[in-house]
Amino acid sequence: MFNNLNLGFKLALLLCIGLLSSPVFATIDVYQFNSDQDRMRFQTLTTELRCPKCQNQNLADSNAPIAQDLRTKIHSMLTEKRSDQEIIDYMIARYGDFVLYQPRMDTKTYILWFGPAALLIIGVGVVFWISRKNTEQATTTPIEVINLDAQQQQQLAELLNDKGNSAP
Amino acid sequence: MRRFILFVPLVLFIALGYFLWKGLSLDPNAMPSALIGQPFPQFKQPSLENPEQILTNADFQGKPLLVNVWATWCPSCREEHPDLVALAKQNKLAIIGINYKDERPAAQQWIRELGNPYLFNIFDEQGMLGLDLGVFGAPENYLVDAQGIVRYRHVGPITAEAWTEMLRIANVQ
């Protein structure tokens, strides 16, 4: 079907295809993996670990030389069939808990893990307490304030009776 | 009781203000080393001065050392270098260099031109010793005690405060 197209057009088409494909190859071809599973693990680990130099980027996003070194190290550890936990422990041994975007659970990080839930419970408690106080006020105080004497009570009774009688 | 509740927002505001104000004076780059209190990593690397000579932990003979991580590609190292030369002349603490991810001829030339404060230099071409040390950029300075334990870390060019602190920890007058 391309026979009737001129050569120039074919070349232009080829160039366009080339432009589309080059950036994809650039990111994948840096590391060779034994399996797709390893590739997935590499991607997960490099996004979950923080670059020690740039601090607000993970290892996958950072172009710092140290991030490149650490990516290479993770890749070589994956090739050596090390577990995710071994790789993470390796990083923590060198750069401390700082490299983890997801902090570990220990006595130092309880406040991080349970703080939000505790604040939520306290908040719900305060709201509940305030609303209960308000309803208490609304229901109890009016009855206490209005003290009807005998005459007023009689009037009230009459009004109620009157209304009751005249109702259809 | 009700009056006290009115002060709760003020107290919270003061507490928040205190933490924010405290945050202003914190250095986000100051990272405690995971290696403090741990032995200096095992290494077996050539010397910068002589490629034939292999250096190991055995070359850290029983005295406290300042280990300086440097490279010729690092502008702050050039700024730091005269200070290291001056500190070496005080003869209080021996200085060992780790030439980190560098080129040998350039590093040798650097030492010839700018002076040599180092007892010797470990040539860490691949940066693997740096990786084991938890280095994330040059320059960095470590104090290793006579038992080979890392006792102090200072990220960035050596400062008077860091030097004083190192002398205090190393117990050198």
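Located above this text is the structure these notes cover.
Residues numbered from 1 in each chain as written. Chains lettered and ligands numbered in written order. Predicted model: local features only at pLDDT ≥ 70, side-chain atom pairs only at ≥ 80, totals over all residues. Heavy atoms only, no water.

**A few points about the packing of aromatic side chains**
Argument step 1. In total, this model carries 11 aromatic pairs over all chains according to the counting rule given.
Argument step 2. Among the aromatic residues, those joined into a ring-pair cluster are F40(B), F43(B), F60(B) and F120(B).
Argument step 3. The ring centre of F98(A) lies 4.1 Å from the NZ or CZ of R50(A), which sits over that ring.
Argument step 4. Lying across the ring of Y90(A), R94(A) places its NZ or CZ 3.6 Å from the centre. (Phe/Tyr/Trp six-rings, centres within 6.5 Å; stacked < 30°, edge-to-face > 60°. Lys NZ or Arg CZ within 6 Å of the ring centre and 35° of its normal.)

**Topic: the state of the cysteines**
All names here are of chain B.
Argument step 1. Applying the stated criterion across every chain yields a total of one disulfide over all chains.
Argument step 2. Across the disulfide, C74 is cross-linked to C77 (sulfur-sulfur distance 2.2 Å). Taking the torsion about the S-S bond as the criterion, the C74 to C77 disulfide, at about 90 degrees, is right-handed. Comparing C74 with C77, the two get one shared label, buried. (Disulfide = S-S within 2.5 Å. Buried < 20%, exposed > 50% of the residue type's maximum accessible area, 1.4 Å probe, protein only.)

**Here's the deal with helix α4 (residues 84-95) of chain A**
Argument step 1. A rise of 1.5 Å per residue sets the reference length of α4(A), with its 12 residues, at 16 Å; its end C-alpha atoms lie 16 Å apart and thus fit the reference within 8%.
Argument step 2. For α4(A), the set of buried residues is I87(A), I88(A), Y90(A), M91(A), I92(A), R94(A) and Y95(A).
Argument step 3. In the core, the buried residues of α4(A) are packed alongside α2 (36-48) and α3 (65-79) of chain A together with α5 (128-133) of chain B.
Argument step 4. Phi for G96(A), located one or two positions after α4(A), is positive at around 80 degrees. (Helix = DSSP H or I, 4+ residues; strand = E, 2+ residues; numbered from the N terminus. Expected span 1.5 Å × (residues − 1). Contact = heavy atoms within 4.5 Å.)

**Description of the pattern of salt bridges**
Residues and elements named next belong to chain A.
Argument step 1. Within the structure shown, the criterion is met by 10 salt bridges over all chains.
Argument step 2. Across the pair R39 and D36 runs a salt bridge, and its minimum N-O distance is 3.9 Å. Placement of the pair is R39 and D36 together in helix α2, with a separation of three residues, close to one helical turn.
Argument step 3. Notably, a salt bridge pairs E80 with R82, separated by 3.5 Å at the nearest N-O pair.
Argument step 4. On the basis of relative accessible area, E80 is assigned to the partly exposed category, the value being 47%.
Argument step 5. R82 gets classed as partly exposed once you look at its relative accessible area, which sits at 31%.
Argument step 6. Residues participating in the shared-partner salt-bridge network are D38, R41 and D84. (Salt bridge = Lys/Arg side-chain N within 4 Å of Asp/Glu carboxyl O.)

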